[in-house]
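The primary structure of each chain is shown beneath.
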Amino acid sequence: MNRLPLPSTDFAARQSTGLLGWGGLPRYSLAALSVAVALGAALLLDHLGFRDATVPLFICASAISSWYGGQGAAVLAVVLCSLAFDYFFVPPLYSLYIAASELPYFAIFALFTLLVSWFARIRRRVEEDLRNTRDELESLNHELAKRSAALEASAEEALKRSEFYLGEAQKLTHTGSWAWRVPDRNVVHLSEEWYRIFGCNPSDGAPNWEKRLALVHPDDRLAWQSTIERAIMERTDYDITFRIVLPGGIVKWIRTVGHPVLTATGDLVQFLGSSTDITDHKCAEREHEKLRQLEAELAHINRVGMLGEMAASIAHEIKQPIAAGITSANSCIEWLAHEPPNLDRARAAASKIDEYGNRAAEIVDRIRSFYKKSPPQRELVDVNGIIHEILALLEGEAHRYPIAMRAELTAELPKIMVDRVQMQQVFMNLILNAIEAMNDSGGELTVKSELQDSQLQFSVSDTGPGLPAGNADQIFSAFFTTKPQGSGMGLAISRSIVESHGGRLWATASGRRGATFHLSLPTQTTDSSPLVV
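Scope of this entry: the structure provided in the associated data block. For clarity, every value in this text was computed on a predicted model and none was experimentally measured. (Residues numbered from 1 in each chain as written. Predicted model: local features only at pLDDT ≥ 70, side-chain atom pairs only at ≥ 80, totals over all residues. Heavy atoms only, no water.)

**Some remarks on the sheet that holds strand β9 (residues 443-452)**
Item 1. Strand order in the open sheet formed by five strands is β7-β9-β10-β12-β11, and the pairing between neighbours is mixed. Since the sheet does not close on itself, it has two edges, and those belong to β7 (403-409) and β11 (504-509), each with one partner. Each neighbouring strand pair of the sheet contributes to a mean axis angle of 15°, computed without reference to strand direction.
Item 2. Across seven bridges, strand β10 (residues 455-461) lies against strand β12 (residues 515-522) in antiparallel orientation. Across the sheet, Val460 pairs through a bridge with Phe517, a residue of β12.
Item 3. Sheet contacts for helix α14 (residues 490-500): β11 and β12; angle to β11, the most-contacted strand, approximately 130°. (Pairing = 2+ DSSP bridges. Helix = DSSP H or I, 4+ residues; strand = E, 2+ residues; numbered from the N terminus. Axes fitted to C-alpha atoms, helices over the stretch in contact; angles between N-to-C directions. Contact = heavy atoms within 4.5 Å.)

Right, dumping it as structure tokens:
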């Protein structure tokens, strides 16, 4: 006998053509065949006295049609199951007529069959998502290796440039001093560095107002003139950043700060100040923005990688509410089968089906929100709530090993302005690392929170092998890892995220066994750019 094919990654492609494997039968033929087999088996078992098997057989036919045939096949299977159930098993038999007393029972059967098909479809879609995530993870791991190498080379380059600038700054600040008279706008003092910055030759004499204006970039001249004229009228300081164009087309960024000089009677006679070449600073800003983008990409890859590692646990989490929904549905059918039907208890069981369905949908939404790619966004967040979400998500992972998870969270902690997805990533990294540290010997994982000195204090403790010998802080270094398959970026990214929120992340030994990771966040955070790892 031919057997239905196992699900594969080309499911969507085969579904879009309207054909599946298994001999090339159309998906709707598969639905009809599934219902026919279920009907034949139900009639045989009914003849043998096993009447309770009728409903489960039709439900299985609907679920198989939904799983392998898609939504259209599922709807057809539900309709065929309902008609077959009415004709062969609902009095009067061998008739499509439904007595009024049998309408509630028949309606519940049809609704439940439809719900089971829907649950099967959701589970199929989730498994497809997980498979796609694993495929994406493989490509992302390859991309991670390339980007990590590029990132390492680009940090090194920025560091060398910074060291060069620091050495030059010790010799010279790239700042030139000047002074000019207000009545005729002629200069009374220009330092040698000013001449060097503006590309002028001291032997040619001090440039007049028109020559100094000609050096300013055409797009910045109006703003430059307006700022100075306003300072003259208001007799105030001025601070302006603009560009200059040197012979040969070289463009420099200049920051000029001026201060008015007044006589004893309050008359404005001069402005004196300084002009600083900030071209290097502008270039560094552009490089820093590129590094921020690379870090955001790396953080996203890290999140997707963690979800790939937890594929089995995620499937277990989703299976629980689905199984509970099926149990409640069976209870609903049993209460309706009573004489007379117990509608109150059947209604309560049906409401549980809705509750468990929503629970499965919430799990899927939480997983998708974790690996979505979006720019950082700060909002008021209950960090205890994030911890509860992560513990619930990793409960299945912990149960795979003899690991007990315990939360000692102080109630009613104040909400703080943080990026929710980034905080999820931090606690996911810390808690998952603790679980992996104990997956050979088992143990206990404890998460604590408290408010102390206007700081939210959190800790994640395990009873694993502890921190590596020597400098414990090296575990936060980029590309340092103690796991065979680790990228060495999880803790580095986590510390960068915490520090960008004005907090701290560090680790200590936990007595004889295990390690504790401490995290502190201020109750009032300032918006800071993520640090580059």
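**Quick notes on the pairing of strand β5 (residues 268-277)**
Item 1. Bridge analysis of strand β1 (residues 175-181) against β5 gives seven bridges, and the strand direction is antiparallel. By the bridge assignment, Gly176 is partnered in β5 with Ser275.
Item 2. Judged from the nine bridges that link them, strand β4 (residues 251-262) and β5 form a sheet pairing that is antiparallel. Its bridge partner lying in β5, Arg255 is registered against Thr276.
Item 3. Taken together, β4 and the strand that follows it, β5, pair antiparallel across an intervening segment of five residues, in which Gly266 is found at a positive phi of about 95°.

**Section: the side chain of Arg185**
Item 1. The topology assignment puts Arg185 in the loop between β1 and β2 (187-190).
Item 2. Within polar-contact distance, the side chain of Arg185 engages the side chain of Glu229 at 3.1 Å.
Item 3. In this view, Arg185 contacts Trp180, Trp209, Arg212, Glu229 and Ile232; residues no more than four positions away in its chain are not counted. (Polar contact = N/O pair within 3.5 Å; in protein donor to acceptor, adjacent residues only side chain to side chain.)

**Notes on the sheet that holds β5**
Item 1. One open sheet accounts for five strands, arranged β2-β1-β5-β4-β3; its pairing is antiparallel. Only two strands of the sheet have a single partner each, and these edge strands are β2 and β3 (238-245). Ignoring which end each strand starts from, the neighbouring axes of this sheet average 25° apart.
Item 2. Sheet contacts for helix α7 (residues 221-234): β1, β3 and β5; angle to β3, the most-contacted strand, approximately 150°.

**Observations regarding helix α2 (residues 27-47)**
Item 1. With 21 residues, α2 extends 30 Å between its outermost C-alpha atoms, agreeing within 8% with the 30 Å of an ideal straight helix rising 1.5 Å per residue.
Item 2. All of the buried residues in α2 are Arg27, Leu30, Ala31, Ser34, Val35, Ala38, Leu39 and Ala42.
Item 3. Downstream of α2 by a residue or two, Gly49 has a phi angle that is positive, lying close to 100°. (Expected span 1.5 Å × (residues − 1). Buried < 20%, exposed > 50% of the residue type's maximum accessible area, 1.4 Å probe, protein only.)

**Overview of α14**
Item 1. Across the eleven residues of α14, ten count as buried, placing the element largely inside the fold.
Item 2. Along α14, the residues that are buried comprise Gly490, Leu491, Ala492, Ile493, Ser494, Arg495, Ser496, Ile497, Val498 and Ser500.
Item 3. Gly502 lies just past α14 and shows a positive phi near 80°.

**Quick notes on a nonpolar patch on the surface**
Item 1. A cluster of nonpolar residues, Val75, Val79, Leu83, Tyr87, Leu93, Tyr94 and Leu96, forms a patch on the protein surface that exposes about 660 Å² of accessible area.
Item 2. Among the structural elements, Val75 can be located in helix α3 (residues 54-89).
Item 3. Under the relative-accessibility criterion, Val75 is labelled partly exposed at 44%. (Patch = residues over 30% accessible without salt bridge, like charges linked within 9 Å, V, L, I, M, F, W, Y side chains within 5 Å. Areas by Shrake-Rupley, 256 points an atom, 1.4 Å probe, with all protein chains shown as cover. Salt bridge = Lys/Arg side-chain N within 4 Å of Asp/Glu carboxyl O.)

**Digging into the nonpolar core**
Item 1. Core analysis: the biggest nonpolar cluster contains 40 residues, and Phe427, Leu430, Ile431, Leu445, Phe458, Phe517 and Leu519 have the highest contact counts within it.
Item 2. Of all the secondary-structure elements, those providing two or more residues to this core are α11 (383-393), β8 (416-419), α13 (420-437), β9, β10, α14, β11 and β12.
Item 3. Looking at this core element by element, the count peaks at nine residues for α13.
Item 4. Those residues in contact with Leu519 that lie beyond four places of it in its chain are Val426, Phe427, Leu430, Leu456, Gln457, Phe458, Val498, Arg504, Leu505 and Trp506.
Item 5. Counting 25 residues, the second largest nonpolar core, distinct from the first, contains Trp194, Tyr195, Ile197 and Phe242. (Core = buried A, V, L, I, M, F, W, Y, C linked by side-chain atoms within 4.5 Å.)

**Observations regarding the pattern of salt bridges**
Item 1. Counted under the stated rule, the structure contains twelve salt bridges.
Item 2. The salt bridge involving Arg243 is made with Asp220; its shortest N-O contact spans 2.9 Å. Note that Arg243 is positioned in strand β3 and Asp220 in the loop between α6 (209-215) and α7, a separation of 23 residues in sequence.
Item 3. Judged by relative accessible area, which is 14%, Asp220 ranks as buried.
Item 4. For Lys252, the salt bridge is made with Asp277, and the minimal N-O distance between the two is 4.0 Å. Residue Lys252 is found in strand β4, and its partner Asp277 is found in strand β5; the two are separated by 25 residues along the sequence. Of the two residues, Lys252 and Asp277, both sit in the buried class.
Item 5. One continuous salt-bridge network, built from bridges that share partners, spans Arg406, Glu408, Glu444 and Lys448.

**Looking at the packing of aromatic side chains**
Item 1. For the structure shown, the criterion picks out twelve aromatic pairs.
Item 2. Aromatic pair Trp194 and Tyr195: ring centres 5.8 Å apart, planes at 90°, arrangement edge-to-face. Of the two residues examined, Trp194 and Tyr195, each falls in the buried class.
Item 3. Their ring planes at 65° and their centres at 6.2 Å tell us that Trp224 and Phe242 sit as a pair that is edge-to-face. Here Trp224 is found in helix α7, whereas its partner Phe242 is found in strand β3, with 18 residues between them in sequence.
Item 4. Accessibility expressed as a relative area gives 3% for Phe242, which makes it buried.
Item 5. Grouping aromatic residues by their ring pairs yields a cluster made of Trp178, Trp180, Trp209, Trp224, Tyr238, Phe242 and Phe271. (Phe/Tyr/Trp six-rings, centres within 6.5 Å; stacked < 30°, edge-to-face > 60°.)

**Observations regarding the side chain of Glu193**
Item 1. Tracing the sequence through the fold places Glu193 in helix α5 (residues 192-198).
Item 2. Judged by its relative accessible area of 11%, Glu193 falls in the buried class.
Item 3. Among all residues touching Glu193, those that are not within four sequence positions of it are Leu172, His174, Thr175 and Gly176.

**A word on the packing of α11 against α13**
Item 1. Two numbers describe how α11 lies on α13: the axes approach to 10 Å, and their chain directions differ by 50°. Put simply, α11 runs oblique to α13. At the point where α11 passes α13, the crossing takes the right-handed sense. In this structure, α11 uses Val383, Ile386, Ile387, Glu389, Ile390, Leu391 and Leu393 to contact α13, whose residues at the interface are Arg420, Met423, Gln424, Phe427, Met428 and Ile431.
Item 2. For the contact of α11 with α13, a count of residues per class yields ten nonpolar, one polar and two charged. (Parallel < 35°, antiparallel > 145°, perpendicular 65-115°, else oblique. Left-handed = near helix turned anticlockwise from the far one by under 90°. Nonpolar A, V, L, I, M, F, W, Y, C, P; charged D, E, K, R; others polar.)

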